[in-house]
Amino acid sequence: MFLVGLTGGIATGKSTASDVFQRLGVPVIDADQIARDVVQPGKAAWHKIREQFGDEVFLDDGHLDREKMGRIVFADNNMRKRLNAITHPEIRKAMMWKIFVCFLKGYQFVVLDLPLLFESRNMVSFLSYIIVVSCTDGQQLQRLMARNGFTREEAQMRIDAQMPMTEKCRLATFIVDNSGTQEMTEKQILDLYHKFRRSRAHWPLRILGWMGIAFVMWFVFTVMRAVL
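Residues numbered from 1 in each chain as written. Predicted model: local features only at pLDDT ≥ 70, side-chain atom pairs only at ≥ 80, totals over all residues. Heavy atoms only, no water.

Put simply, the rule reads: UniProt positions are given in the numbering used here, feature names are shortened, and annotations may be inferred rather than shown by experiment.
The chain is annotated in an unreviewed UniProt entry as Dephospho-CoA kinase domain-containing protein of Batillaria attramentaria. Looking at the chain in UniProt, the text filed under Sequence similarities (unreviewed entry) is "Belongs to the CoaE family."

## Some points on the packing of helix 2 (residues 31-38) against helix 5 (residues 77-104)
In a packed pair of helices, the relevant descriptors are the angle between the two axes and the axis-to-axis distance. Definition in use: To obtain each axis, a line is fitted to C-alpha atoms, and for helices this fit is confined to the stretch in contact; angles are then taken between N-to-C directions over 0 to 180 degrees. Labels follow the DSSP assignment, with helices taken as runs of H or I lasting at least four residues and strands as runs of E lasting at least two, numbered in each case from the N terminus. Relative orientations are named as follows: roughly parallel for angles under 35 degrees, roughly antiparallel for angles over 145 degrees, roughly perpendicular for angles from 65 to 115 degrees, and oblique for any other angle. Crossing handedness follows the turn of the near helix against the far one: under a right angle anticlockwise gives a left-handed crossing, and clockwise gives a right-handed one. Note on contacts: a residue pair qualifies if any of its non-hydrogen atoms lie within 4.5 Å across the two residues. Amino acids are sorted into nonpolar (Ala, Val, Leu, Ile, Met, Phe, Trp, Tyr, Cys and Pro), charged (Asp, Glu, Lys and Arg) and polar (every other residue, Gly among them).
Contact geometry for helix 2 and helix 5: axes closest at 9 Å, N-to-C directions at 120°. Taken together, the axes of helix 2 and helix 5 lie oblique to each other. Judged by the twist between their axes, the crossing of helix 2 over helix 5 is right-handed. For the pair formed by helix 2 and helix 5, the contact residues are Ala 31, Ile 34, Ala 35 and Val 38 on the first element and Glu 90, Ile 91, Ala 94, Met 95 and Lys 98 on the second. For the contact of helix 2 with helix 5, a count of residues per class yields seven nonpolar, no polar and two charged.

## Digging into the pairing of strand 4 (residues 129-134)
Heads up, the rule is: A simple rule labels every residue: compare its accessible area, found with a 1.4 Å probe on the protein chains alone, to the largest value its type can have, and call it buried under 20%, exposed over 50%, or partly exposed in between. At least two DSSP bridges between two strands are required for those strands to pair.
Most of strand 4 is tucked away: five of the six residues are buried. Pairing geometry for strand 1 (residues 2-8) and strand 4, over five bridges, is parallel. Its bridge partner being in strand 4, Gly 5 is matched across the sheet by Ile 130.

## Concerning the pairing of strand 5 (residues 174-177)
The two faces of strand 5 differ: Phe 174 and Val 176 on one face are buried, but Ile 175 and Asp 177 on the other face are not. Bridging between strand 4 and strand 5 involves four bridges; their strand directions are parallel. Residue Val 133 lies in a different strand from strand 5, and its bridge partner there is Val 176.

## Some words on a nonpolar patch on the surface
We apply this condition: Patch membership is restricted to residues that have no salt bridge and whose relative accessible area is over 30%. Joining uses 9 Å for like charges and 5 Å for the nonpolar side chains Val, Leu, Ile, Met, Phe, Trp and Tyr. Surface accessibility follows the Shrake-Rupley procedure with a 1.4 Å probe radius. Residue values consider only the protein chains on display as shielding. Salt bridges are defined by distance alone: a side-chain nitrogen of Lys or Arg within 4 Å of a carboxyl oxygen of Asp or Glu.
Nonpolar side chains collect at one region of the surface, where Trp 97, Phe 100 and Leu 104 lie side by side and expose about 370 Å² of accessible area between them. Taking the relative accessible area as the measure of exposure, Phe 100 reaches 41% and is therefore partly exposed.

## Quick notes on the side chain of Ser 134
With respect to the helices and strands, Ser 134 occurs in strand 4. On the basis of relative accessibility, which here comes to 12%, the residue Ser 134 falls in the buried class. Among residues more than four places away in sequence, those in contact with Ser 134 are Thr 12, Met 165, Cys 169, Ile 175, Val 176, Asp 177, Asn 178 and Ser 179.

## A closer look at the environment of Leu 64
Positionally, Leu 64 belongs in the loop between helix 3 (44-53) and helix 4 (66-75). A relative accessible area of 12% places Leu 64 in the buried class. With residues up to four places along the chain from it excluded, the contact list for Leu 64 reads Val 39, Ile 49, Val 57, Phe 58, Leu 59 and Met 69.

## Observations concerning the sheet that holds strand 3 (residues 109-113)
A sheet is described by the order of its strands in space; here five strands give the open sequence 2-3-1-4-5, paired in parallel fashion. Looking at the sheet topology across the chains shown, the edges are occupied by strand 2 (28-30) and strand 5. Along the sheet, successive strands turn relative to each other by an average axial angle of 25°, direction set aside. Summarising the sheet, strand 2 and strand 3 pair through three bridges and their orientation is parallel. If you follow Ile 29 over to strand 3, its bridge partner there is Leu 112. Helix-sheet contacts for helix 2 involve strand 2 and strand 3, and the interaxial angle to strand 2 is about 45°.

Below, the structure is given as structure tokens:
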């Protein structure tokens, strides 16, 4: 099995690409969804956030007030680093478990939806290919304002908190241009899907995996023979 990273800028269209891969039967592990899961009440990250940021960033029902926390961390880089130091290790652990389950199920490849792939750099070395979904600066700003109801200043603040799209595109293996119609974007994703299906990048890891399983079985058999 090999891993494909899917990233881009905020509101550039990663969700469209992710949906197409899922419709094609490819597992997509969504870092944003995991990030929401790890801060649920009672989780380890939830306790650490309460300790470091106080009760004021939580709603009355105990859930994290994501809107308030967003305003805090996007206005203060140090606060954002503190939050990331709490959540990122928990997100990585959850992702690794999901990847392992997909490996056991025999999938050829898995897509990791990672909005901050290049900003964190934690998963880059594990990826065989990286897809960056891009659009024009004006489209990104307008889409973010329309999607989240942000003012122009609020939207631009969130865009500026991420690595520039030009730099992300430079680091990509493949670029999906999402500045046209949805059909055009979906066609690009379908082409990549067929390219990955033809890839043999999964064989080395698959062979190592089966060798590891064979070794464990041999070891257990040897121990049992010695005992009996």
